[in-house]
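Descriptive analysis of the structure
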Amino acid sequence: MDIVVMRAGALLVADAAHLAGYWPALLTAALAAAVAVREVLRRRTLVAPPPPDRLTEMSRILATEVAQRRRSEVMLVSARAQLGEAQSQMINRLRSASALRDNETASHTDRVGQMARHLALLAGCDAEFADQLALAAPLHDVGKIGIPDAILLKPGPLAPAEWDVMKTHTTIGAGILMGSGLPLLDLAAEVALSHHERWNGQGYPRALKGPAIPLSGRIVALVDVFDALMSARPYKEPWPLSRALAHITGEAGAHFDPNLVRLFMDQIQDFVAIRERDRDEEAMLGADQALDWEEMASAQVIPLPMR
Ligand SMILES: [Fe+2]
Ligand SMILES: [Fe+2]
């Protein structure tokens, strides 16, 4: 722009010299040059950087904003951690409440959580989901809180009408866990509702079939039955690994998701290792001696009565 202004000044000089002669032209040229220089100076002033004190003020404001943003990020991370901790606390307290009514042992539900996490990772789920499932899976039978003692603690196989009541532990559990809007509790509700569905559509409570069954429920169904088969109960010895695996593979595509069975069998040593890790602790506590007919029937260790 400065060049344009200077050029305009020069043209003005040329015109003046042509029209008015030499001296008037020089005078006109001087005036034109002065106008041009003043215009240049004016424009430079407009785009000139702010004085140092203004720069200092701007950088102070910027630094304040950055600091505020950092503080907000720290608070957000802290709030997320607190929410995660609150959800974990809630899950653990529900587990404690459930343990008062359920025959399943704490070590069994712990292992179901660990195995569910491992199978989820093998199935390609991300680590965050797998970690959440590890916390949610142990609550799969929390709905047994709502089953009457006469049925829940009955020392023997259940009559068909009693089975109908026992099956409601899935919907009762989901009812306890759902509706909070908290992702971990929502996942636990999903597991509670779907862990007795079967791949072939013959499970309960909704008789869902194949991939319509939530992946969380399919995963927990498999590891829950595996751990139950491998555990001692008052009415049965632990099954040998070969027998348990024969049962699992035989149920691929019937009770269990065949893809999950394949992944499980490919890495069976990992699942056995999870069981081994708990064995000493179990022996010390005398755990896994509880009676759970519902679980055994689910695994078809005892036949399900006709509905
Ligand atoms: Fe169950
Ligand atoms: Fe179980």
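Scope of this entry: the structure provided in the associated data block. Keep in mind that what you see is a predicted model, and the values were worked out from it rather than measured.

Take the coordination of the iron ion (ligand 1) next. For the iron ion (ligand 1), the protein coordination sphere consists of Asp141 (OD), His169 (NE2), His195 (NE2) and His196 (NE2), at 2.0 to 2.3 Å. Coordination geometry of the iron ion (ligand 1): the four donor atoms subtend angles of 82 to 171° at the metal centre, consistent with an arrangement described as irregular. All donor residues of the iron ion (ligand 1) come from one chain, and their arrangement in sequence is D-x27-H-x25-H-H.

With respect to the helices and strands, arginine 275 occurs in helix α13 (residues 268-285). On the basis of relative accessibility, which here comes to 10%, the residue arginine 275 falls in the buried class. Side-chain polar atoms of arginine 275 contact the side chain of aspartate 227, separated by 2.6 Å.

Moving on, we come to the pattern of salt bridges. Here the structure, examined in full by the defined rule, presents nine salt bridges. Note that glutamate 162 and lysine 154 form a salt bridge whose closest N and O atoms lie 2.7 Å from each other. The salt bridge partner of arginine 262 is aspartate 266, with a shortest N-O separation of 3.8 Å. Highlighted residues: arginine 262 and aspartate 266, both in helix α12 (residues 258-266), separated by four residues, approximately one helical turn. For aspartate 266, a relative accessible area of 47% gives the class partly exposed. Salt bridges linked by common partners bring Arg111, Asp227 and Arg275 together as one network.

Conventions and cut-offs
Residues numbered from 1 in each chain as written. Chains lettered and ligands numbered in written order. Predicted model: local features only at pLDDT ≥ 70, side-chain atom pairs only at ≥ 80, totals over all residues. Heavy atoms only, no water. Donors = N, O, S within 2.8 Å, 3.2 Å for Na, K, Ca; no water. Tetrahedral: all angles 85-135°; square planar, octahedral: opposite > 155°, others 65-115°. Helix = DSSP H or I, 4+ residues; strand = E, 2+ residues; numbered from the N terminus. Buried < 20%, exposed > 50% of the residue type's maximum accessible area, 1.4 Å probe, protein only. Polar contact = N/O pair within 3.5 Å; in protein donor to acceptor, adjacent residues only side chain to side chain. Salt bridge = Lys/Arg side-chain N within 4 Å of Asp/Glu carboxyl O.

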